[in-house]
Every structure is written in structure tokens, then in C-alpha cells.
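What the coordinates show
The lines below spell out each chain.
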Amino acid sequence: SDCVDFSGSWDLSMYNTAANADDVDELRAALGYPKLNLYGISYGSRLALEVMRRHGDNVRASMIEGLVPSSIAWPAAIKTVDTVLPLPSSHAYGR
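Residues numbered from 1 in each chain as written. Predicted model: local features only at pLDDT ≥ 70, side-chain atom pairs only at ≥ 80, totals over all residues. Heavy atoms only, no water.

Quick look at the pattern of salt bridges
Put simply, the rule is: Any carboxyl oxygen of Asp or Glu that lies within 4 Å of a side-chain nitrogen of Lys or Arg is treated as forming a salt bridge with it. Here a helix means four or more residues in a row that DSSP labels H or I, a strand means two or more in a row labelled E, and each is numbered from the N terminus.
With the rule as written, the count across this model stands at four salt bridges. Of the charged contacts, one joins Arg 53 and Glu 50 as a salt bridge, the two residues approaching to 2.6 Å between their closest N and O atoms. With Arg 53 and Glu 50 both in helix H2 (residues 43-55) and three residues apart, the pair spans about one turn of that helix.

Shown next as C-alpha cells:
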């Protein structure tokens, strides 16, 4: 199933990397930090890059590992991984 199947009346259009990056910066401001240090792995690398793109003046330093290119479509990538390395249905992350 897809997330939309479980969304009910929630507006899923706001669950995206750009909105997440804005949330990170709003959290920084709410906590009173003038600048952030970012560390991103996998999807976190994409999110950190988006934070730097949208709110770069509020970033002191960043470290990016395991870069996920913006050209990767997550649902397609997950299906590919599941095909290559399927998880047993009893696994916590089994789909």
C-alpha cells in the first residue's frame, strides 16, 4: 500500500523535502540557535542540501555522507531495493 491509502483527510502535499527543510529552520529559530551544524546520511543528505539551499545563511557547517541524488524517486528506489534484497514479512520494516 501507499501512504495515501492511510492518509484520511491529511494533506500529504506538505510532506516533502522543501517543507521539511523549512521545518528544520523554524526549529532552529524556536530553539534560539543563530546557526545550525548539519549532518546528513541517505535521505538526510538530501534534506541537509535543501536546508542549505533554502536557509544557507543559518547554516554554520555541514557534513554530507551517502548522498542521495535528487533524481532518485524514493518509491521506485524502495521497490528496486525490495526486489534485490527482500525482507521477510516478520521483519520490522517488512512491506
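Describing the confidence of the model for the chain
Formally: Looking at any residue, its pLDDT shows the predictor's confidence there, from 0 to 100. In this description, contact between two residues means that some pair of their heavy atoms is separated by no more than 4.5 Å.
Averaged over all residues, the pLDDT of the chain is 78; the fraction at 70 or higher stands at 67%. Mean pLDDT in the chain bottoms out at helix H3 (residues 74-84), which sits at 53, and peaks at helix H1 (residues 17-30), which reaches 94. In this model, residues 91-95 is a region of pLDDT below 50 whose contacts with residues beyond four sequence positions or in other chains number five contacts.

Things to note about the nonpolar core
Where we set the bar: We define the nonpolar core as a collection of buried residues of types Ala, Val, Leu, Ile, Met, Phe, Trp, Tyr and Cys that are connected through side-chain atoms lying within 4.5 Å of one another. Residue burial is assigned from relative accessible area. The probe radius is 1.4 Å, only protein chains are included, and a residue is buried under 20% of its type maximum, exposed over 50%, and partly exposed in between.
Counting residues in each nonpolar core, the largest one holds seven residues, listed as Ala 21, Leu 36, Leu 38, Leu 47, Ala 48, Val 51 and Val 59. Tallying contributions element by element places H2 first for this core, with three residues. Among all residues touching Leu 47, those that are not within four sequence positions of it are Thr 17, Asn 20, Ala 21 and Val 24.

Let's talk about the pairing of strand E2 (residues 59-67)
Walk down a regular strand and you will see the side chains alternate between the two sheet faces. Our working definition: Pairing between strands is defined by DSSP: at least two bridges between them are needed. The crossover handedness rule: strands pointing away from the viewer, path from first strand over the helix to second strand clockwise, crossover right-handed.
When strand E1 (residues 36-42) meets E2, the two strands line up parallel, connected through seven bridges. Counted as the bridge partner of Ser 42 is Leu 67 from E2. Crossover connection from E1 via H2 to parallel E2: handedness right-handed.

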